[in-house]
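# Examining the three-dimensional arrangement
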Amino acid sequence: MDEKTAKKEIERLREEINYHNYRYYVLDSPVIPDAEYDRLMRRLEELEARFPHLVTPDSPTQRVGAEPLKEFGTVRHTIPMLSLNNAFEVKEVMEFDERIKRLLNTRGEIEYVVEPKIDGLAVELIYERGILTKGATRGDGYTGEDVTQNLRTIKSIPLKLIKSPPEYMEVRGEVFIPLDSFERLNQERERKGEPIFANPRNAASGSLRQLDPRITATRPLDIFCYGVGSVRGKEFRTHMETLEYIKDRGLKVNPLVKVCTGIKEVLRYHEEIEERREEFNYEMDGIVIKVNSLAFQERLGVLTRSPRWALAYKFAPKQEMTRIKNIEVGVGRTGALTPVAVLEPVEVGGVTIERATLHNQDEIDRKDIRIGDTVIVQRAGDVIPEVVGVVKERRPGDAKPYRLPERCPVCRSRVERTGAIHFCTGGLMCPAQLKETIRHFVNKRAMDIEGLGNQHIEQFVDEGLIRDVADIYHLKEKKERILSLERWAKKSVENLLNAIDKSRHPTLERLVYALGIRGVGEHMARVLADEFKSLDALMSAEEEDLLRIHEVGPETARNIVEFFREPHNKRVIEKLKKVITFPEKKEAVGGKLRGKTFLFTGELSSFTREEAKRLVESEGGRTASSASRRVDYVVVGENPGSKYQRAMELGLRIISEDGFKRLIEKGSL
Ligand code: IVH
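Check the secondary structure of the protein and you find 24 helices and 22 strands. The buried share among the 669 residues of the protein stands at 51%. Sequence separation of 24 or more characterises 67% of the internal contacts of the protein that already satisfy a separation of 6 or more. Across the protein, 112 positive and 110 negative side-chain charges occur, with their mean positions spaced 1 Å apart.

In structure tokens, the structure reads:
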């Protein structure tokens, strides 16, 4: 790249970054995800490193944050509140460790403190003889906003330290809003017609930087303290010692803070925390790695923006930016129309996503989502990715608001709206609804018919071989027809028919779940099976019988009664009765494993995981998905995973597949 092109790009990047700084720091309303911002910043840093004489003092790389809001008084930080260098890959973390060793001229392992990096906003609390006298935001790193009155409303910030305070101490920490409170706050704002916060960090920042502290007081803010600024009357040797000291005086320190010896241990801990990320009620965007020894910190020193002794090692971002290529509409089992955004593929949290749910028309309207828009998409845990918001600045000129179709995209029946949801009125004559019903019926956790995949369901429904779920059990009689279809050979048909045969003796809870009654998930199905003991009894239950069950609410009760009253459903159930066994749940029957909980790890040789689970259930036992003290037996197959490790640590009872077979047959080992 020649200098002229570099200069142009640098200028463009600065302008863009300045704008995003303003949106983020001043307005608390960012329009791009952090990951995108980080990329812009890195690109600018990279270019400036290559062309150092193009660096200017006003470049965004040369300062820490944004200017303080004028409405608040200002506080000058005695020691600048620096920022952190970011790492996104293992390699960068290894380099950080190597650099430290080189600068310290040592080969020994370095002791690091690892802390979660909380996604909130940095503040400084000043305690004079143990009394909180001032509190400020980070501001631009040198001067912050005086938000003392607002900080005083946060319950986890002590107004007075609980014991032997030092003469003077500046404590630094991150103010944040717990995730559940964030959800509640946004719901409330939506109800009142106020703009909702893009993420918990903006909610925290917006709440703390209120001119009226009474408003701040209503916001459930919290804090984790992670260090000190200037201190008089106390000396520390290590960072961990500092944290212990402030903790002892009543300040809140994150419980995950840990000393790790050597960078390998740091990497392992990073992995562990990232895996457990969803467990916590606050947003974490990575870990912070700090050299523990303060003498070492001193020797390593600081650069303009960040210290050499610390590094933020980010987790895979949960939000990314991409473009909506199209909006498609899916029709579910109940006939509900779900708009889905078809995206330019993008990696979010380590997984490539190409589709994101848009929920319903109201959501599309509220977020004003249009085809061609650049949007921020988000993934959390196992849930379906969703579109968080639109980057309006990047909207193409011709983008029109999107409306759900008036006719079902699959069967062309009329679409009707009930509440927020649009429904196809075609009922089971709508192939989409039938296909979804079948898909649900055969799924692993329902009747578990392996080999009847989506493609086959499409094919069989389109060919008229399956018109309701009971028809699955008549496919045997249509073997010749199937063989004449594309993609079917003798062997594959036999496998399918075998799989179907194997599913003819379900447990009652699986059968109830498989029927796909609205509001009856796996748990509810189990509750109903335990209560009614047979499908006939459940079918003749009245709403009041159902309502007597603690876990059944009025809506579910109504759904259940209506489902069994519906003539089509009655017909299908009668048909099913002729082809599968309808289980009766008797207290004494199949009770060899009653009260016992099993956990499976690794591959079993004579059953699939689902078959094994079903065996346990049919003998009255339960299965768990992770190792805990509630588990009675851990069945270990070939190549067991991390659950095995965890089970060993907990000292759980471990048995082989043969042992498991003996238990199933005899009820003892
Ligand atoms: S240490 C010199 N520790 O991340 C060290 N920062 O980019 C400066 N943050 O402004 C900060 N959790 O808002 C530190 N455990 C932690 C942190 C943390 C979150 C934030 C803080 C800071 C930013 C640095």
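There's more to say after this.
It is worth spelling out the pattern of salt bridges at this point. According to the stated counting rule, one finds 64 salt bridges in the structure shown. The shortest N-O distance in the salt bridge between Arg276 and Glu272 comes to 3.2 Å. For the salt bridge of Glu328 with Arg355, the shortest nitrogen-to-oxygen distance reads 3.1 Å. On the criterion of sequence distance, the pair formed by Glu328 in strand β12 (residues 319–331) and Arg355 in strand β14 (residues 351–357) is long-range, its members being 27 residues apart. By relative accessible area, which is 41% here, Arg355 ends up partly exposed. Residues joined by salt bridges that share partners form a network here, namely Lys435, Glu436, Arg439, Glu458 and Asp462.

This part is about the side chain of Asp471. Mapped onto the fold, Asp471 is located in the loop between α13 (454–462) and α14 (479–484). Look at Asp471 and you get buried, because its relative accessible area is 8%.

Compared with the 21 Å implied by 1.5 Å per residue over 15 residues, the 21 Å span of helix α3 (residues 90–104) between its first and last C-alpha is a close match. Among all positions of α3, only Val93, Phe96, Asp97, Ile100, Lys101 and Leu104 are buried. Down the axis of α3, the buried side of the element spans an arc of 130°, and every buried residue falls inside it. Exposed residues on α3 whose side chains face more than 90 degrees from its buried face are Lys91 and Arg102. Among the structural elements, β2 (86–87), β3 (111–118), α9 (263–275), β10 (284–291), α10 (294–300) and β11 (310–314) are those in contact with the buried residues of α3.

In this section: the packing of aromatic side chains. Overall, the coordinates contain 12 aromatic pairs when judged by the stated rule. Put simply, the rings of Phe598, Phe600, Phe607, Tyr633 and Phe660 pair up and form one aromatic cluster. Over the ring of Tyr168 we find Arg232; its NZ or CZ atom is 4.5 Å from the centre of that ring.

Positionally, Leu132 belongs in strand β5 (residues 131–137). Among all residues touching Leu132, those that are not within four sequence positions of it are Leu125, Ile126, Tyr127, Arg152, Ile157, Pro158 and Leu159.

On to the nonpolar core. Counting residues in each nonpolar core, the largest one holds 57 residues, and the members touching the most others are Phe460, Ile472, Tyr473, Leu528, Leu535, Leu546 and Leu576. Those elements giving two or more residues to this core turn out to be α12 (431–442), α13, α15 (490–502), α16 (508–514), α17 (522–532), α18 (535–539), α20 (554–565) and α21 (567–579). With 6 residues, the single largest contributor to this core is α17. Leave out the neighbours within four places in its chain, and Tyr473 touches Phe441, Met447, Ile449, Ile500, Ser503, Arg504, Leu576, Val579 and Ile580. Counting residues in hydrophobic clusters, the runner-up holds 33 residues, among them Leu185, Ala203, Leu221 and Leu251.

Backbone hydrogen bonds hold the strands of a sheet together, and the pairing may be parallel or antiparallel. The sheet built from 4 strands is open, its strands ordered β20-β19-β21-β22 with parallel pairing. Single-partner strands in this sheet number two, and they are β20 (622–624) and β22 (654–655).

Here we come to the state of the cysteines. Applying the stated rule across the entire model yields 0 disulfides. Cys408 takes part in no disulfide bond, and the closest cysteine sulfur, belonging to Cys424, lies 3.7 Å away. Relative accessible area serves as the criterion here: at 0%, Cys408 is assigned to the buried category. Not part of a disulfide, Cys424 finds its nearest cysteine sulfur in Cys411, a span of 3.6 Å. By relative accessible area, which is 6% here, Cys424 ends up buried.

One open sheet holds the 4 strands; their spatial order is β5-β4-β7-β8, and the pairing between them is antiparallel. Sheet topology places β5 and β8 (222–232) at the edges, where each strand pairs with a single neighbour. On average, each strand axis in the sheet is inclined to that of its neighbour by 25°, with strand direction left out of account. Pairing between strand β7 (residues 168–176) and β8: 8 bridges, direction antiparallel. In the sheet register, Gly173 faces β8, and the bridge partner there is Cys225.

Most of β10 sits out of view: 8 of its 8 residues are buried. Pairing geometry for β10 and β11, over 5 bridges, is antiparallel. Within β11, the position partnered with Ile287 by the bridge is Tyr313.

Time to look at the site of the ligand. The ligand sits among 15 residues. The nearest are Leu84, Glu115, Arg138, Glu174 and Lys290. Glu115 is positioned such that a nitrogen or oxygen atom in its side chain is 2.7 Å from a nitrogen atom of the ligand. Take Lys290: an N or O atom from its side chain is 3.0 Å from a nitrogen atom of the ligand. Protein contact buries 88% of the 520 Å² of open area that the ligand shows by itself. When residues of the shell around the ligand are traced back to their parent elements, those giving at least two are β3 and β10. For the shell around the ligand, the element with the most residues is β3, which contributes 4 residues.

Thresholds applied
- Residues numbered from 1 in each chain as written.
- Predicted model: local features only at pLDDT ≥ 70, side-chain atom pairs only at ≥ 80, totals over all residues.
- Heavy atoms only, no water.
- Helix = DSSP H or I, 4+ residues; strand = E, 2+ residues; numbered from the N terminus.
- Buried < 20%, exposed > 50% of the residue type's maximum accessible area, 1.4 Å probe, protein only.
- Contact = heavy atoms within 4.5 Å.
- Lys, Arg positive; Asp, Glu negative; His and termini not counted.
- Charge placed at Lys NZ, Arg CZ, Asp CG, Glu CD.
- Salt bridge = Lys/Arg side-chain N within 4 Å of Asp/Glu carboxyl O.
- Expected span 1.5 Å × (residues − 1).
- Arc of directions from axis to C-beta.
- Phe/Tyr/Trp six-rings, centres within 6.5 Å; stacked < 30°, edge-to-face > 60°.
- Lys NZ or Arg CZ within 6 Å of the ring centre and 35° of its normal.
- Core = buried A, V, L, I, M, F, W, Y, C linked by side-chain atoms within 4.5 Å.
- Pairing = 2+ DSSP bridges.
- Disulfide = S-S within 2.5 Å.
- Axes fitted to C-alpha atoms, helices over the stretch in contact; angles between N-to-C directions.
- Near = heavy atom within 4 Å.
- Polar contact = N/O pair within 3.5 Å; in protein donor to acceptor, adjacent residues only side chain to side chain.
- Areas by Shrake-Rupley, 256 points an atom, 1.4 Å probe, with all protein chains shown as cover.

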